[in-house]
Structure formats: structure tokens, C-alpha cells
Amino acid sequence: MEIKDILVINPGSTTTKIAVYTDRNKDVLFEETIVHDENKILSFPNVASQREYRREMILQMLQEDGYDLSNLSAVVGRGGMVYDLAGGGYKVNKKLCDKLASSTIPQHASSLGGILAYMIAEPLNLPAYIYDSTMGCDLLDVVKLTGIAGAEKYGATHLLNSRAQAIKYAASVGRDYRDMQLIVCHMGGGITANAWRDGKVIDTAAYDDGPMAPERSGGVPLLLFKKLCFDGRHTEKDMEDLISGKGGLYSYLGTKDCLEVEKRIESGDEYAKLVYEAMALQVAKSVAGLSCVLKGKVDVIILTGGIARSKMLTDMIAEYCGHIGKIEVMAGEGEMEALAGGALRMLQGDEIAKEY
């Protein structure tokens, strides 16, 4: 089968990024960000109910760009918050669509990726895929145990960019990432670290049990957290916001902008320096912990994501955990390219698309 173009859909809370990649030159034909009116988005009762609105916006943008849908070979969307997905790609079917739209999973815009891919691909008789869902880990049974029976670790991480950077690094040294043992830290508004073995994430340090981040708390000692939960001042929503949105750097410094934090440090703000170093140390401690599940055999530690551009931050991380293995800084995300690459590998038969 001739492989032509791949439409990539990456929904955010108030945006939908789309891109068309072509296999003819393995490059992007065009990439657009559709910015949605925030009040319009808030008018919908839940995430899934936005699907028809966003589908129309995508098709309108493609039409305005003069794109012929008959040139497509597949549509791929960002994976959603489905707990029982493994890593890699899935062909989207009605069952998976229904699960992505379900109120039983966390409400997150990424779940619209698979739904929109299916809505656009199905009438064209094309395959729709998701790739590297946020929940798509292959955790070892031994790491799932938390210390409280019935509260098993499920794994939530920035899997998409983590795999893309692992593949890219391995290719740069003439190896297959599936034959390597890596620790990949994605650092953005949230920070997650992954231990990779045999091409799978076997353990994670995520936003609720790993390092603090610009807007996320990371793991907090349970007795302190319990005290906040029952102090009579914090609602459940307040606690959710502290975990994700108002924790981390924002909680201490009132900003999520690492550039602003660095400016404060450079102007002599010792407290900002202490907080920034604490974040770096917590990333390093997560790397050290994950090295245990790899039994100390770490081929490389990759620091990636938007704030990996901060040399001040990556230098501090390296100072604390450089003894564990080689550190490679690969700043940036490349999520759209990673989605297209996953779809292409499935179309070519290099990876088998899973069925939900």
C-alpha cells in the first residue's frame, strides 16, 4: 500500500494543534494551531461534548489551507487518560472511542485526540490511531505496589516525547532504543521521569510521586499532606489544584516561568535559588530511584522538554546525579512529529497497532 499523508491532531485545553506530514519527504506539509474561545470551551458540560465543535474547526482549517483529504493515509491523535492502555499505538475503534468519552476517566483534553481522529478517519475509510497515551506504561508488577493494599500505582507520564527522544538518541549512537536501558526526564509545566527497558516504560516518577515542577507538587510527605487535607481550610478541589496547577515553583514563588525564576536568582534572590535547586535535586533523586529498577545499568539519562533549555537547571541536575550515567540534554518536545512517526511505523508494519 502506498503511504501518503498523515493528519496529526493534538488537542489542548483551549487549542487544537493539527499538522499534515507526508512520507514522500518525511516532513511536515503544514502545521496550524487552532485557538478556541475560552468561553465557548467552558460552555460545554465535559471534554467529550466538545468533539463536534472541534471536528468542524479542524475540517474548516484544512479547507482554508486548500488541503485535499483524499491524500490522507491515516489520522493519528493524542492518546487520552485511559488507565489500562499499554505503551505504543492503538487503532481507534468504537469501543476505545466510547472509553475516551467516558466520565469514568479523568477529564483531559488529550482524550479528544483519539475521538477526533476516529470522527475524521472513519467516513474516509482510513485507519485512526492514538500513540503513547499519557497512561500508556508497562509497569513491572513489583513497582505497582505502593504500601497500601488496593492503591496500586498505574503510571502517568509524558510518554510520547520520552519515547521520541529515546529513539532519536539511540539512532544518533547507532543503536536501537529497544536494546538500551535509559532514564528519560521530560521537564515542562510538569516533570516526569521514566525508566526504559526493552522499549517499554517499566517504572515512572510522575507528578504525584516524583519531583516538583513549575506548577506541580510532586510527591509530598503523606503526614503533611493529610494535615492539609483535614485542616478545614482546603477543599478537595484546592488539593487537586495544589497537586497540579498551583504546586511546585508556583506555590513557593508565585510564578511558573523558569526564565523569571532565573532572573530573580541572577539579581541575588537567594530564596528563588534555593527553590530552583530543590526542584533540580528532586529530579536527580527521581533519576537515582529509577536507576534501581534498572539495577544500576543505565546507558544514558536524557533531559528533555521545554525547560531542559535551562542550562542552570540541567547543570544542577547533572551535578547531583551525573555519577549514575551519561547525561544528554535534548531540549524541546516535538509531540506532533512523534505522533506522526508512531503512525508511520504502524502503517509500515514496523510496529503493530494494538486493539482495545
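Bear in mind that the values here come from a model prediction, so they are computed numbers and not experimental data. (Residues numbered from 1 in each chain as written. Predicted model: local features only at pLDDT ≥ 70, side-chain atom pairs only at ≥ 80, totals over all residues. Heavy atoms only, no water.)

1. Some points on the environment of Q60
Next, step 1: Mapped onto the elements of the fold, Q60 is located in helix α2 (residues 51-64).
Next, step 2: Separated by 111 residues in the primary sequence, Q60 and A171 place their C-alpha atoms 38 Å from one another. (Helix = DSSP H or I, 4+ residues; strand = E, 2+ residues; numbered from the N terminus.)

2. Considering helix α6 (residues 159-172)
Next, step 1: Under the 1.5 Å per step criterion, the end-to-end length of α6 is 20 Å for 14 residues, consistent within 8% with the ideal 20 Å.
Next, step 2: Every buried residue of α6 is listed here: L159, L160, N161, S162, R163, Q165, A166, Y169 and A170.
Next, step 3: At the exit of α6 stands G174, carrying a positive phi of roughly 70°. (Expected span 1.5 Å × (residues − 1). Buried < 20%, exposed > 50% of the residue type's maximum accessible area, 1.4 Å probe, protein only.)

3. Brief notes about the side chain of T314
Next, step 1: Relative to the assigned elements, T314 resides in helix α12 (residues 311-321).
Next, step 2: With relative accessibility at 5%, the residue T314 sits in the buried group.

4. Brief notes about the packing of aromatic side chains
Next, step 1: Across all of its chains, the model carries 4 aromatic pairs by this definition.
Next, step 2: Ring plane angle 65° and centroid distance 6.0 Å describe the contact between F30 and Y67, whose orientation is recorded as edge-to-face. Placement of the pair is F30 in strand β3 (residues 27-35) and Y67 in the loop between α2 and β4 (72-78), with a sequence separation of 37 residues. Of the two residues, F30 and Y67, both sit in the buried class.
Next, step 3: Ring geometry for Y83 against Y154: centres 5.2 Å apart, planes inclined by 70°, an arrangement best described as edge-to-face. In this pair, Y83 sits in the loop between β4 and β5 (89-91) while Y154 sits in the loop between α5 (141-144) and α6, placing the two residues 71 residues apart along the sequence.
Next, step 4: Classification of Y83 as partly exposed rests on a relative accessible area of 41%.
Next, step 5: If you follow K40 out to its NZ or CZ, it ends over the ring of Y53, 5.4 Å from the centre. (Phe/Tyr/Trp six-rings, centres within 6.5 Å; stacked < 30°, edge-to-face > 60°. Lys NZ or Arg CZ within 6 Å of the ring centre and 35° of its normal.)

5. Description of the sheet that holds strand β7 (residues 181-187)
Next, step 1: Spatial ordering of the open sheet is given by β9-β8-β7-β10-β11, a layout of 5 strands whose pairing is mixed. Looking at which strands have only one partner, the edges of the open sheet turn out to be β9 (200-205) and β11 (327-331). When the angles between neighbouring strand axes are averaged without regard to direction, this sheet yields 25°.
Next, step 2: Set on the sheet, α6 makes contact with β7, β8 (191-197), β9, β10 (300-305) and β11; between it and β10 the angle comes to about 130°. (Pairing = 2+ DSSP bridges. Axes fitted to C-alpha atoms, helices over the stretch in contact; angles between N-to-C directions. Contact = heavy atoms within 4.5 Å.)

6. Quick look at a nonpolar patch on the surface
Next, step 1: Together, Y252, Y271 and L274 give the surface a local cluster of nonpolar side chains, amounting to about 340 Å² of exposed area.
Next, step 2: The residue Y252 is located in helix α9 (residues 248-253) in this model.
Next, step 3: A relative accessible area of 48% places Y252 in the partly exposed class. (Patch = residues over 30% accessible without salt bridge, like charges linked within 9 Å, V, L, I, M, F, W, Y side chains within 5 Å. Areas by Shrake-Rupley, 256 points an atom, 1.4 Å probe, with all protein chains shown as cover. Salt bridge = Lys/Arg side-chain N within 4 Å of Asp/Glu carboxyl O.)

7. Some points on the sheet that holds strand β1 (residues 5-11)
Next, step 1: If you trace the 7 strands from one edge of the open sheet to the other, you get β3-β2-β1-β4-β6-β5-β12, paired in mixed fashion. Each of the sheet's edge strands pairs with one partner strand only, and the pair in question is β3 and β12 (354-355).
Next, step 2: In this structure, strand β2 (residues 15-22) lies alongside β3, joined through 8 bridges in antiparallel fashion. Paired with A19 across the bridge in β3 is E31.

8. Notes on the pairing of β7
Next, step 1: For β7, the tally of buried residues reaches 7 of 7 residues, placing the bulk of the element in the interior.
Next, step 2: Residue alternation in β7 divides its side chains into two sets, Q181, I183, C185 and M187 and L182, V184 and H186, and both sets are buried.
Next, step 3: Across 7 bridges, β7 lies against β8 in antiparallel orientation. In the sheet register, I183 faces β8, and the bridge partner there is A195.
Next, step 4: In terms of strand pairing, β7 meets β10 through 5 bridges, oriented parallel. The residue of β10 that forms the bridge with H186 is T304.

9. Section: the packing of helix α10 (residues 258-266) against helix α11 (residues 270-293)
Next, step 1: Two elements in contact, α10 and α11, have axes separated by 8 Å at closest approach and are oriented at 130°. With respect to their mutual orientation, α10 and α11 come out oblique. Considering only the axes of α10 and α11, their crossing is left-handed. Contacts between α10 and α11 involve C258, V261, E262, R264 and I265 from the former and A272, K273 and Y276 from the latter. (Parallel < 35°, antiparallel > 145°, perpendicular 65-115°, else oblique. Left-handed = near helix turned anticlockwise from the far one by under 90°.)

10. Some thoughts on the environment of E355
Next, step 1: If you trace the backbone, E355 turns up in strand β12.
Next, step 2: The exposure class of E355 is exposed, given its relative accessible area of 56%.
Next, step 3: Sequence-wise, E355 and V92 are 263 residues apart; in three dimensions their C-alpha atoms are separated by 7.6 Å.
Next, step 4: With residues up to four places along the chain from it excluded, the contact list for E355 reads Y90, K91 and N93.
Next, step 5: There is a polar contact of 3.4 Å between the side chain of E355 and the side chain of N93. (Polar contact = N/O pair within 3.5 Å; in protein donor to acceptor, adjacent residues only side chain to side chain.)

11. Quick notes on the state of the cysteines
Next, step 1: Under the definition given, this model contains 0 disulfides.
Next, step 2: The thiol of C321 is unpaired, and the distance to the nearest cysteine sulfur, on C185, comes to 7.1 Å. (Disulfide = S-S within 2.5 Å.)

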